[in-house]
Amino acid sequence: PCPALPCRPACAMDWQVLTRELSLYLESQVRVGLFGSGVGLSLMLGFGVAYACYYLSSIAKKPRLVASNDRFCRFLEEHCPVVTETYYPTIWCWEGRVQTLLRPFITSRPQVQYRNELIKTADGGQISLDWFDNNDSLYYPDASTRPTVLLLPGLTGTSKESYILHMIHQSETLGYRCVVFNNRGIAGEELLTPRTYCAANTEDLETVIHHVHSLHPSAPFMAAGVSMGGMLLLNYLGKTGRDTPLMAAAIFSAGWNVFESVESLEKPLNWLLFNYYLTTCLQSSISRHRQMLEKLFDMDLVMKARTVREFDKQFTSVMFGYRTIEDYYEDASPCRKLKSVGIPVLCLNSVDDVFSPGHAIPVETAKQNANVALVLTSCGGHIGFLEGIWPRKCTYMDRVFKQFVQAMFEHGNKIFSM
């Protein structure tokens, strides 16, 4: 029995008296022993209030919408309102690096059944496409006119990435069809030629776009690219202008200036958290094809790279015939081609993204092209954009994707005349 209670048998005590005395005892112990006469509780409450005030004043903010075309702005405000609403990052992990690191582990992985297709390229290679046909679509039962979204994953990403699966899940609810463009040699297929991919060379993407369009010429068609996939898509759009089957595009966490991106990733903490791991992923993606690639490259030297820049210098820039790595990085930077984009494009970036630093986002250049709109959040990291207390099912990026794709497919004619 508790020493603070009267020493008499519990069976002889009135139950209400026992309960009252025990409650008084616990209350006195909590008040005096645990919180020091309420000082600890006051400190905790004070810290909570201060943190909430800081979060609401400095973290939770409306994104910055950059667009020179008033009609495009009004269109987004009406049909894609998420880009004008306050973004509330997950309160316990709003910092950019943390968001970037945690998203792959926190977000769910919706089940998607793909149909794989291998298509040939002009140089004798092959590209793996993963189709989600959505044949059970209630809104678009006719496959010939079912809207189609082409998805481009990041640098070493495939159709299995969680952010790709979430985009397909969002598209499924709207009745759309999706097809994922897996870069050469990255999704389990064999390399038939000693060539992989890079952000600057758009030949494979052009092949895929025209192939998909030829299969469904009557279906509305747009694309969405993430990270390097977004860079590749922007470089393609800058090259083709209006001469593309795509009606619109969405870009997420693109690296706008490769020089600034690699410099940011080479800072000590960023190298430790991201650069070295990404480099090993690149090396792993080509090691399976070593026998094919050894025909052109010193693979031992390539496998010694410890940064993305070193890998690109020894492998990527050489593969695609650039005289120097600086020439490659200049050609791969989408900021240099943004003026030439000829279809409506929505680009989402977070200014705390270490892969694409906020100061390198081409705000002034975007203002010179009526087809371009930038949505810039203060937090979100790289492909993070976590929100809610437990951000497992949906992110801010997912909501932007869903609303913009739906807006373009269902109301896009309102801005095509801009």
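It should be emphasised that the depicted structure is a prediction, and the values quoted were computed from it without experimental measurement. (Residues numbered from 1 in each chain as written. Predicted model: local features only at pLDDT ≥ 70, side-chain atom pairs only at ≥ 80, totals over all residues. Heavy atoms only, no water.)

(A) Region of the structure containing the overall build of the chain. Helix and strand counts for the chain stand at 15 helices and nine strands. If one aligns the C-alpha atoms of the chain with their principal axes, the spans along those axes are about 95 × 55 × 45 Å. Taken across its 418 residues, the chain has 54% of its residues classed as buried. Taking as baseline every contact in the chain between residues at least 6 positions apart, the subset at least 24 positions apart corresponds to 77%. Positive and negative side-chain charges of the chain, numbering 38 and 40 respectively, have mean locations separated by a distance of 2 Å. (Helix = DSSP H or I, 4+ residues; strand = E, 2+ residues; numbered from the N terminus. Buried < 20%, exposed > 50% of the residue type's maximum accessible area, 1.4 Å probe, protein only. Contact = heavy atoms within 4.5 Å. Lys, Arg positive; Asp, Glu negative; His and termini not counted. Charge placed at Lys NZ, Arg CZ, Asp CG, Glu CD.)

(B) Layout of the UniProt feature "active site" (unreviewed entry) in the chain. On the UniProt side, "active site" (unreviewed entry) is annotated at positions that read Ser227, Asp353 and His382 here. The greatest C-alpha distance among the annotated residues, which extend across 156 residues, is 10.9 Å, indicating that they converge on a single site. Checked against the element boundaries, Ser227 lands in the loop between β6 (221-226) and α7 (228-240). Not counting the four nearest positions on each side in its chain, Ser227 is found in contact with Gly154, Phe252, Ser253, Ala254, His382 and Ile383. For Asp353, the location among the structural elements is in the loop between β8 (345-350) and α14 (363-366). Residues in contact with Asp353, not counting those within four places in the same chain, are Ser253, Gly381 and His382. (UniProt positions renumbered as here; feature names shortened; annotations may be inferred.)

(C) Structural detail: the UniProt feature "domain: AB hydrolase-1" (unreviewed entry) in the chain. Cross-referencing UniProt, the feature "domain: AB hydrolase-1" (unreviewed entry) maps to residues 147-388 in the present numbering. Annotated as residues 147-388, this span is 41% helix and 14% strand, and its ends, taken at the C-alpha atoms, are 30 Å apart.

(D) Molecular detail of the packing of helix α6 (residues 203-215) against α7. Taken N-terminus to C-terminus, the directions of α6 and α7 make an angle of 80°; their axes are 10 Å apart at the nearest point. As far as their axial angle goes, α7 and α6 are roughly perpendicular. Of the residues in α7, those in contact with Leu205, Glu206 and Ile209 of α6 are Leu232, Leu233, Tyr236 and Lys239. (Axes fitted to C-alpha atoms, helices over the stretch in contact; angles between N-to-C directions. Parallel < 35°, antiparallel > 145°, perpendicular 65-115°, else oblique.)

(E) Seen up close, the pairing of β6. Of all six residues in β6, six are buried; the element is thus mostly enclosed. Burial of the side chains of β6 extends over both faces: Phe221, Ala223 and Gly225 are buried on one face and Met222, Ala224 and Val226 on the other. Of the pairings in the sheet, the one linking strand β4 (residues 148-152) to β6 comprises five bridges and is parallel in character. Each residue of the ladder has a partner; that of Leu152, found in β6, is Gly225. Note that β6 and strand β7 (residues 249-252) share four bridges and pair parallel. Considered in β7, the bridge of Ala223 is made with Ala249. (Pairing = 2+ DSSP bridges.)

(F) Structural view of the packing of aromatic side chains. Summed over the entire model, instances satisfying the criterion amount to 15 aromatic pairs. The interplanar angle of 85° and the centroid separation of 5.9 Å between the aromatic rings of Phe259 and Tyr329 together place this pair among those described as edge-to-face. Within this pair, whereas Phe259 is found in helix α8 (residues 258-265), its partner Tyr329 is found in helix α13 (residues 325-332), the two being separated by 70 residues in sequence. Assessed through its relative accessible area of 1%, Tyr329 is described here as buried. Taking the centre distance of 5.4 Å and the plane angle of 65° together, the rings of Phe274 and Phe355 count as edge-to-face. Here Phe355 lies in the loop between β8 and α14 and Phe274 lies in helix α9 (residues 268-287), a separation of 81 residues in the sequence. Assessed through its relative accessible area of 16%, Phe355 is described here as buried. Members of the aromatic cluster, connected to one another through ring pairs, are Phe259, Tyr322, Tyr328 and Tyr329. (Phe/Tyr/Trp six-rings, centres within 6.5 Å; stacked < 30°, edge-to-face > 60°.)

(G) Focus on α6. Helix length check: α6, at 13 residues, gives a terminal C-alpha distance of 19 Å against a target of 18 Å (1.5 Å per residue), a fit within 8%. Those residues of α6 lying buried are Asp204, Leu205, Val208, Ile209, His211 and Val212. What you see down the axis of α6 is that its buried residues fit within an arc of 165°, all on one side. Looking at the buried positions of α6, the neighbouring elements they touch are β2 (115-120), β3 (126-132), β4, β5 (177-182), β6 and α7. (Expected span 1.5 Å × (residues − 1). Arc of directions from axis to C-beta.)

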